[in-house]
Amino acid sequence: MPLRTLINELETDHKLRRIAARVSPELELAAITERSGKASDGGPALLFEQGAGHRFCVVTNLFGTEERTALALGESSLRAFGKRIHASLLAVTGQSADERLRALLAADTLQPVVNHRPPCREIIAPPDLSVIPALTFWPQETVPSLTLPLVFTTDPDTGQQNCGMYRVQIHDSDSATINFSGQSGGGRHLQAWREKNLPMPVAIALGGDPALIWAAGAPLPQECDELHMAAWVSGRIQTVTCGLSQPLLVPAEAEIVIEGVIHPGETRAEGLFGNHTGGYVANPAAPLFRITSISHRADPICPATLVGTPPKEDCYLAKASEQLLLAMLKIAHPPVRDLHMPLETIFHGCALIGVEDSKEGQGIELLQALRSSGPLQRAKLLILLDSDIDIRNPSLSYWRAINQLDESRVFIEQGRISIDATGIDTTRLVEHERVTLELISRRWSEYGLG
Ligand SMILES: Cc1cc2nc3c(=O)[nH]c(=O)nc-3n(C[C@H](O)[C@H](O)[C@H](O)COP(=O)(O)O)c2cc1C
């Protein structure tokens, strides 16, 4: 559903609060978001109407619970989302899970259409980043950031477009840095443009379909188009428009579009950024993005997320990605039944994997396969468990994984731990027999225990 429809639905349902008071973009807005998000129900989404001192509004905590993230993706629950992906992957052909997802997303019906009067062009503004409501979240941050940006780049040879989520820091009125990792789609494109010694065109969209916001941060296999993924997830064809100053297609529904270039080899040190590890990080040589144009809606609402010690909003976006990952793992490895990445560790890949009917040696084979390729390849901790237990229950999982640990099934490679804790003989678990339990039930009042 469109971002504004989601905002309206949440407000009607009392899951979004408007804040009319003037709020500073420096720390105050983040501190309000953090305090409100600590409520036991994850707190409401917050719409800061005065845009933190700018005339732009800012919305935070939009994806702040599993329920809200599911709603944003048009589903009743994230489980239902995962089941839908799995059923659809089973219905297409392909040698691997990646191929099946590519086949699913290749449908012509998912092709974006061009809107020549897009909302994101209502105002063509001067190319001055000081109008953008970038925020500082934690005290040692000196440079304001955009934390939910959709960064569009292309491959210089094939023209294939990528949309990824990478933090952006606004350094001054006409330049910013973008923190692409080397393995990311944007990072690979940058390398390809650098090799040709050509400036890379970049567009940053803020806002747009919530399904696209999720897809930008999701670990899609290479050559899966995020706009197609968003169309498949939301059931709405995505609309795009041509770049104002760069040869890129950008989401027509975006709230704000910033376009520019990264010149070959031009970098700048980021300021400190408080991230989900609970500490500050900074890329000492982040690619420098020089602005060529800015446009926005007449009344833009800029989505932002407070990144910090989990659980925070980004964990729930990752929980939706966990469902994609599980659907793909089930296709690639049929014994896999369930996947749980605890919120506290979700971005560094502690994964508990529930496996059905694991035969002798099968668990080790599966761990080797997971370590050789795919998104769990670099996970810090992988634990395989029999699917008869609830892998979301930490006490059961620790009990199974650690107490009966067979050391020959623990592998440590490059500091990454893999544990095969499957194959527990449940007939040897200490449990009372039914006959004894029935006996004591019958006699319970005799024991004087109430
Ligand atoms: C809120 C949020 C912030 C992120 N920040 C970064 C970042 O700064 N750099 C990065 O490389 N990946 C970052 N990621 C992860 C990427 O978005 C993710 O790996 C995504 O799959 C990248 O898409 P790509 O494979 O098309 O590059 C972030 C994800 C989220 C949800």
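For the structure, check the block above.
Reading guide: rules and limits
Residues numbered from 1 in each chain as written. Predicted model: local features only at pLDDT ≥ 70, side-chain atom pairs only at ≥ 80, totals over all residues. Heavy atoms only, no water. Buried < 20%, exposed > 50% of the residue type's maximum accessible area, 1.4 Å probe, protein only. Helix = DSSP H or I, 4+ residues; strand = E, 2+ residues; numbered from the N terminus. Pairing = 2+ DSSP bridges. Near = heavy atom within 4 Å. Polar contact = N/O pair within 3.5 Å; in protein donor to acceptor, adjacent residues only side chain to side chain. Areas by Shrake-Rupley, 256 points an atom, 1.4 Å probe, with all protein chains shown as cover. Nonpolar A, V, L, I, M, F, W, Y, C, P; charged D, E, K, R; others polar.

**Student:** Before we move on, can you summarise the pairing of strand β19 (residues 301-304) with the specific residues and values?
**Tutor:** Going residue by residue along β19, you find Ile301 and Pro303 tucked away on one face and Cys302 and Ala304 tucked away on the opposite face as well. Where strand β3 (residues 57-60) lies against β19, four bridges are found, and the strand directions are parallel. Residue pairing for β19: cysteine 57 is matched across the bridge by isoleucine 301.

**Student:** Could you give an account of the site of the ligand, naming the residues involved and the relevant values?
**Tutor:** Around the ligand, the surrounding shell holds 18 residues, and the nearest of these are Met165, Tyr166, Asn179, Gly185 and Ala218. Arginine 167 is positioned with one of its backbone polar atoms (N or O) 3.0 Å from an oxygen atom of the ligand. Glutamate 226 has a polar side-chain atom sitting 3.3 Å from an oxygen atom of the ligand. Protein coverage of the free-state accessible area of the ligand, which is 630 Å², stands at 78%. Here the shell around the ligand takes three residues from strand β8 (residues 161-164), the largest share from any one element. When grouped by side-chain class, the residues that make up the shell around the ligand number seven nonpolar, nine polar and two charged.

**Student:** Run through unusual backbone geometry, naming residues and quoting values.
**Tutor:** Residue proline 311 follows proline 310 across a cis peptide bond; omega there is 0°. Following the sequence through the fold, proline 311 ends up in the loop between β19 and α9 (313-332). A positive phi angle, near 55°, is found at asparagine 197, a position not held by glycine. For asparagine 197, the location among the structural elements is in the loop between α6 (185-195) and β11 (200-206). On the accessibility criterion, asparagine 197 (59% relative accessible area) is exposed.

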